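Descriptive structure summary
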Amino acid sequence: MALGLVLAQSFTACETVDFGDTNENVNGPKEVYPAGLLAGAIETFSTMTGRDPFLKPTLYVQYQSQVTYTDEMLYAETPSSWNTYYARILPALNQVISYNMDEDNQLDPNLLAQGDPMNQAGVAMIYRAIVLKRLTDTWGDVPFSEAVQGLKNLTPAYDKQEDIYRQLIDDLKAGRDMLDESASGPKGDLIYGGDVAKWKKLANSVLLQASLQLSEVSSSKINPAEEFRAALADPAGVIEDVSDEAWYKFDAIAEYQNPFNPNRKADYFLSAEFVDAFQGDGGEYNPTSSKTYDARIEVYSKNPALEGVPYGFNDASGSGKNQVSPTHFWSATAPLPLMTASYTYLNRAEAAERGWTEEVAVEMLTKGIKLSFESLDTRKEVDIAEDANVYTAARLADALRVGMLQVIGEEKWKTLFPQGFDAWAEWRRTGYPNLKPATHYLNDGGIVRRYLYPIDERTLNATSFNAGITGLKPATDKNTSRVWWDVD
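Thresholds applied
Residues numbered from 1 in each chain as written. Predicted model: local features only at pLDDT ≥ 70, side-chain atom pairs only at ≥ 80, totals over all residues. Heavy atoms only, no water. Helix = DSSP H or I, 4+ residues; strand = E, 2+ residues; numbered from the N terminus. Contact = heavy atoms within 4.5 Å. Areas by Shrake-Rupley, 256 points an atom, 1.4 Å probe, with all protein chains shown as cover. Lys, Arg positive; Asp, Glu negative; His and termini not counted. Charge placed at Lys NZ, Arg CZ, Asp CG, Glu CD. Core = buried A, V, L, I, M, F, W, Y, C linked by side-chain atoms within 4.5 Å. Buried < 20%, exposed > 50% of the residue type's maximum accessible area, 1.4 Å probe, protein only. pLDDT = per-residue confidence, 0-100. Axes fitted to C-alpha atoms, helices over the stretch in contact; angles between N-to-C directions. Parallel < 35°, antiparallel > 145°, perpendicular 65-115°, else oblique. Left-handed = near helix turned anticlockwise from the far one by under 90°. Phe/Tyr/Trp six-rings, centres within 6.5 Å; stacked < 30°, edge-to-face > 60°. Patch = residues over 30% accessible without salt bridge, like charges linked within 9 Å, V, L, I, M, F, W, Y side chains within 5 Å. Salt bridge = Lys/Arg side-chain N within 4 Å of Asp/Glu carboxyl O. Expected span 1.5 Å × (residues − 1).

1. Here's the deal with the overall build of the chain
Of regular secondary structure, the chain possesses 18 helices and six strands. Dimensions of the chain, computed from C-alpha atoms along their principal axes, come out at roughly 85 × 55 × 50 Å. Once local pairs closer than 6 in sequence are excluded, the contacts in the chain between residues at least 24 apart make up 75%. Summing over all exposed atoms, the chain offers an accessible surface of approximately 20200 Å²; the carbon and sulfur share of this is 51%. If the 44 positive side-chain charges of the chain are averaged to one point and the 69 negative ones to another, these points end up 4 Å apart.

Right, dumping it as structure tokens:
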């Protein structure tokens, strides 16, 4: 009886007392600011750093070797968090899209001052597709349709990877088609500064990439060859020139630094496999078919003459060995690529070789290699572009010897450095270059093909977690299980 009285008094008090502005955050935002949300999402995604968010894929594709703490290089099976994607990046992008597409907001002077609403929404939709591709390529089936709903849904279902790819392909096309070059570009665009014509080209280039990612799998919902051809034929075009490439520029301020920079450099060295592939001296670790000197090593490495550290040993030494260039890549302000003309042409070369298009694979491969040299030459203020002709001629000869698809796959591995996630997705799909598993492995002996689901999912979202596992081959949460598009 006494408890009931206390509760009744409590509810009565809550109904009658006016607390005024006691719980108001006087320092909080007074109005919605989509430009800030867009910039924050791009900045967060581009500066994610540490082992899981950035460095591990550079180990899995043998760009780098570890010499101190070697567990990641040796494929230790540990769960990986996706919290940043779901707590910071996707919610911000979803808010930009929904707020700008709400007709009640589209005449708001505050919103219009941030750029045309459809341009804001279109850019956010394109970028969300890029983020979503990273998520599903890394884990497999993941939450999307029921994700980021806050307290409304604490146990979101996992969407099938096939459905996620259908969604991201549709979003790339829808976002591209929203963009209007005659209207004001979006503020908060940290990639192209509001140039929506370049965003259209980026969307189409990502469509080429996403379509090819499905080249080995059968789908009732997606025809990858048709999607590829449609993107290539779109009037907006694809990235064909270095000036249209998407690069993220960093700042010396700690929160905005190149994601290499906060990590302990002394623990990471370029692998002997990577260095031998560029030095062209027939090194024993070279996993490619190339035996020709590749001048890009002068940009990628600390010293092109130094050897790398052999990959996959728990007792290797970095003494006197090569590292990622502290000037061009491993520094606070060095820019990093998101999508390049070189990669786009190499995707076109592969599609041509597969018979998806009428383009000529040799021509596309030639442009892809030469534009890689040109991009590095332009961005890094070095002089390697002239070396491209000799190297390209040698690679075309290699293609006659070992096959065009192999050379294209190897060149993707080279040009994508240091984009570990994209290179890892390409290697899992194509098998090129011919990487050998770590000798002192800690798993079942295979190169890692996915991240383990976050540990909380097993206990707090068990039903969805167990359903997500069924999309793997074999259906177990291991780092050697294959995602849907990763066909053995």
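2. A few points about the nonpolar core
Most often, soluble globular proteins have nonpolar side chains that are buried together. Judged by nonpolar contacts, the single largest core of 129 residues is most densely connected at Y85 and L202. The element contributing the most residues to this core is helix α6 (residues 117-139), with 12 residues.

3. Some points on the environment of P304
When you line up the elements, P304 lands in the loop between α11 (297-300) and β6 (336-339). As for P304 and F373, which are separated by 69 residues in sequence, their C-alpha atoms are 15 Å apart. P304 has contacts with Q279, Y293, I297, E298 and N322, leaving out every residue within four places of it along the chain.

4. Comments concerning unusual backbone geometry
Here the residue pair F417 and P418 is connected by a cis peptide bond, since its omega of 0 degrees sits within 30 degrees of zero. Residue placement: P418 occurs in the loop between α15 (404-415) and α16 (420-430). Here Q62, not a glycine, exhibits a phi torsion of approximately 60 degrees, which is positive. In this fold, Q62 is placed in the loop between α3 (51-60) and β1 (64-66). Residue classification places Q62 among the buried positions, given a relative accessible area of 1%.

5. So, the environment of Y85
Within the secondary structure layout, Y85 lies in helix α4 (residues 83-101). A C-alpha to C-alpha distance of 7.9 Å links Y85 and V131, two positions 46 residues apart in sequence. Look past the residues within four positions of Y85 in its chain and what remains in contact with it is F45, M48, L90, P91, V131, R134, L135 and W139.

6. Observations regarding the confidence of the model for the chain
Across the chain, the average pLDDT comes to 93, with 94% of residues at or above 70. Long-range and interchain partners of residues 1-16, a stretch whose pLDDT sits below 50, account for zero contacts in this model, where long-range means more than four residues apart.

7. Some thoughts on the packing of helix α13 (residues 361-380) against α15
At a minimum axis separation of 11 Å, α13 and α15 run at an interaxial angle of 20 degrees. With respect to each other, α13 and α15 are oriented roughly parallel. In the packing of α13 onto α15, the handedness of the crossing is left-handed. Facing A361, V362, L365, I369 and S372 of α13, the residues of α15 in contact are M404, V407, I408, E411 and T415.

8. With respect to the packing of aromatic side chains
The full count for this structure, using the stated rule, is 33 aromatic pairs. Arranged with centres 6.4 Å apart and planes meeting at 70 degrees, the rings of Y127 and W199 form a pair that is edge-to-face. In this pair, Y127 is assigned in helix α6 and W199 in helix α8 (residues 196-212), connecting sequence segments 72 residues apart. Relative accessible area serves as the criterion here: at 0%, Y127 is assigned to the buried category. Owing to a relative accessible area of 0%, W199 belongs among the buried residues under this scheme.

9. Observations concerning a negative patch on the surface
Taken together, E298, D383, E386 and D387 make up a surface patch of like negative charges. Note on placement: E298 falls in helix α11.

10. Observations concerning the pattern of salt bridges
Considering all chains together, one arrives at 35 salt bridges under this definition. Between E216 and R354 there is a salt bridge, with the nearest N and O atoms lying 2.8 Å from each other. Taken together, the positions of E216 in the loop between α8 and α9 (224-233) and R354 in the loop between α12 (341-353) and α13 put the pair 138 residues apart, joining distant regions of the chain. Among the residues examined, E216 registers a relative accessible area of 36% and is labelled partly exposed.

11. Focus on helix α2 (residues 34-47)
Across its 14 residues, α2 extends 20 Å between first and last C-alpha, which sits within 8% of the 20 Å expected from 1.5 Å per residue. The buried fraction of α2 is high, at 11 of 14 residues. For α2, every residue scored as buried is listed here: P34, A35, L38, A39, A41, I42, E43, T44, F45, S46 and T47. Each element contacted by the buried residues of α2 is listed here: α4, α5 (109-112), α6 and β4 (246-248).

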